[in-house]
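Listed here are the chains, written in short residue letters.
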Amino acid sequence: MATAIPLRFMASPLRDRRARALTDLRISVIDRCNFRCPYCMPEEDYPRDHEFLSKDQRLRFEEIARLATVFAGLGVRKLRLTGGEPLLRRDLPELVRQLAGVPGIDDIAMTSNGSLLPRHAEALRKAGLDRITLSIDALDAQVYRRLSGGRGEVGDVLAAIDAAGTAGFGPLKLNCVVMRGINDGEVEPLVERFRGSGHVLRFIEYMDVGTCNDWRGDLVVPSTELRERIARRWPLQPLARAHGSDVAERWRFVEGGGEIGFISSVSEPFCGDCSRARLSADGRLYTCLFARQGHDLRGPLRAGAGDAELAAIIAAVWRARDDRYSELRGAAVRGARSRVEMYEIGG
Ligand code: SAM
Ligand code: SF4
Ligand code: SF4
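The numbers attached to residues start from 1 for each chain and follow its sequence in the written order. Lettering of chains starts at A and numbering of ligands starts at 1, both following the order in which they are written. Residues qualify for local features only when their pLDDT is at least 70, as the model is predicted, and side-chain atom pairs are given and counted only at 80 or more; totals for whole chains, interfaces and linings, by contrast, use all residues. Each side-chain value is derived from all of the structure's non-hydrogen atoms; neither hydrogens nor water enter the calculation.

The next thing to look at is the side chain of Asp137. Every helix listed is a DSSP run of H or I at least four residues long, and every strand listed is a run of E at least two residues long, numbered separately from the N terminus. Positionally, Asp137 belongs in the loop between strand E4 (131-135) and helix H4 (141-147). For each residue, the accessible area found with a 1.4 Å probe, counting protein chains only, is set against the maximum for its type, and the residue is called buried under 20%, exposed over 50%, and partly exposed in between. In this charge count, Lys and Arg are treated as positive and Asp and Glu as negative; neither His nor the chain ends contribute. The salt bridge definition used is simple: a Lys or Arg side-chain nitrogen within 4 Å of an Asp or Glu carboxyl oxygen. Here Asp137 is buried and forms no salt bridge, its nearest opposite-charge partner Arg202 lying at an N-O distance of 11 Å. Two N or O atoms form a polar contact when they lie within 3.5 Å of each other; inside protein one atom must be a possible hydrogen donor and the other a possible acceptor, and for residues adjacent in sequence the pair counts only when both atoms belong to side chains. Here the side chain of Asp137 touches Tyr39 through a polar contact of 2.4 Å, side chain to side chain. A polar side-chain atom of Asp137 sits 3.0 Å from the main-chain amide nitrogen of Val177. Leave out the neighbours within four places in its chain, and Asp137 touches Tyr39, Tyr144, Leu147, Asn175, Cys176, Val177, Asn183, Glu186 and Leu190. Contacts: residue pairs with any heavy atoms within 4.5 Å of one another.

Near residues are defined by distance, with any heavy atom within 4 Å of the molecule or strand qualifying the residue. Taken together, 20 residues are adjacent to ligand 1, and Tyr39, Gly84, Ser135, Val177 and Met207 come closest. Residue Tyr39 places a main-chain N or O atom 2.9 Å away from a nitrogen atom belonging to ligand 1. Every accessible area reported is derived by Shrake-Rupley at a probe size of 1.4 Å, with residue values counting cover from the shown protein chains alone. Coverage of ligand 1 by the protein amounts to 95% of the 540 Å² it exposes when considered alone. Within the residue set of the shell around ligand 1, elements represented by two or more residues are strand E3 (107-112), strand E5 (173-178) and strand E6 (200-205). Under the grouping applied here, Gly and all other residues not named as nonpolar or charged are polar, the nonpolar ones being Ala, Val, Leu, Ile, Met, Phe, Trp, Tyr, Cys and Pro and the charged ones Asp, Glu, Lys and Arg. Taken together, the residues of the shell around ligand 1 break down into eight nonpolar, ten polar and two charged.

It is worth spelling out the site of ligand 3 at this point. Taken together, Phe270, Cys271, Cys274, Arg278, Cys288, Leu289, Phe290, Arg321, Asp323, Tyr325 and Ser326 make up all the residues around ligand 3. Taken together, the residues of the shell around ligand 3 sort by class into seven nonpolar, one polar and three charged.

What follows covers the pattern of salt bridges. Enumeration over the complete set of coordinates arrives at 21 salt bridges. Note that Glu63 is salt-bridged to Arg302, the shortest N-O span being 2.8 Å. Placement of Glu63 in helix H1 (residues 61-73) and of Arg302 in helix H8 (residues 298-302) is noted, with a sequence separation of 239 residues between them. Connected via shared salt-bridge partners are Asp16, Arg20, Arg321 and Asp323.

Nonpolar cores were defined as sets of buried Ala, Val, Leu, Ile, Met, Phe, Trp, Tyr and Cys residues, with membership established by side-chain atoms within 4.5 Å. One finds Phe71, Leu99, Leu117 and Phe203 to be the most contacted residues of the largest nonpolar core, which totals 114 residues. Among the elements that take part in this core, H1 stands out by supplying eight residues, more than any other.

Here it is, written out as structure tokens:
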């Protein structure tokens, strides 16, 4: 993997208005998904007239790699491919191959629902993908199916976990979004299944992202409640965060079996350390998961802007950034119904 390079476009590190550096870029490669998770893209509620991006509207791989190079020049070191479902994007390993050659990038990860992973895992690994996060919201077949909007089978994501191992990926992160009364009964079975496996299960508080999931606060299970429940059966001890910008609180099983994580974006917001930018599949730059609008990078890119010009546009957006939605969360900021959807920028 390429080694770190000096910030090519900046005399000093790029910081936003809250002194947060730009170190991580999440790249949505497609806005389509083969699942309809109720917390993200519910079948009955996501806008009926929603038009998914056409091939021409989506950034081509060369365009994504070009932008990644510019972001790396501004300080980005970690990339995460996401969606929609990233594995619906044809030839994804080719994009990984191009990104693996970007100077300055030292980690390329992907978040996926896993349903299509077995047939792509080896090619992704060979292309240079470093890490995979898979979403698994239940072990029970019926609950899992419900959480995928009737489209996924838990057996497929379990097969994906095995396929990742066979392809040479190390331990995975496994994401579970917990909704009260829907899959909170799955928490202990999931812990039991993955404790000692090397994989790190992370419980995510159900967030009020987008406009179509009909979010209600009473459906959120606060991490403290979950942690106390889990610790009654498997005592837990806190661990330090691996990196300052990590979103998960880490806890280890006192009696052995590795660690688990909690992502508490509702009950304990972490905006103060948020170093992530998000690029939508059509090349818009978002500075927050709850942003109302993105900044078009595809236009200037296709109009022939040079790297320095693109860097100046991105740097200006980041310098003006003041987002801290989760810290402010409340009626005033929640009122807006024009927020970007999770399946457009990928979490
Ligand atoms: N389709 C892929 C997947 O599901 O892993 C990648 C995109 S998905 C938007 C990325 C992550 O966002 C998933 O782990 C998903 O569970 C999480 N997510 C989606 N909607 C959410 C919500 N309302 N609250 C919390 N997490 C959410
Ligand atoms: Fe698709 Fe992922 Fe959203 Fe579920 S969370 S609908 S798998 S993009
Ligand atoms: Fe970052 Fe926005 Fe989430 Fe805060 S609410 S942690 S600024 S993405």
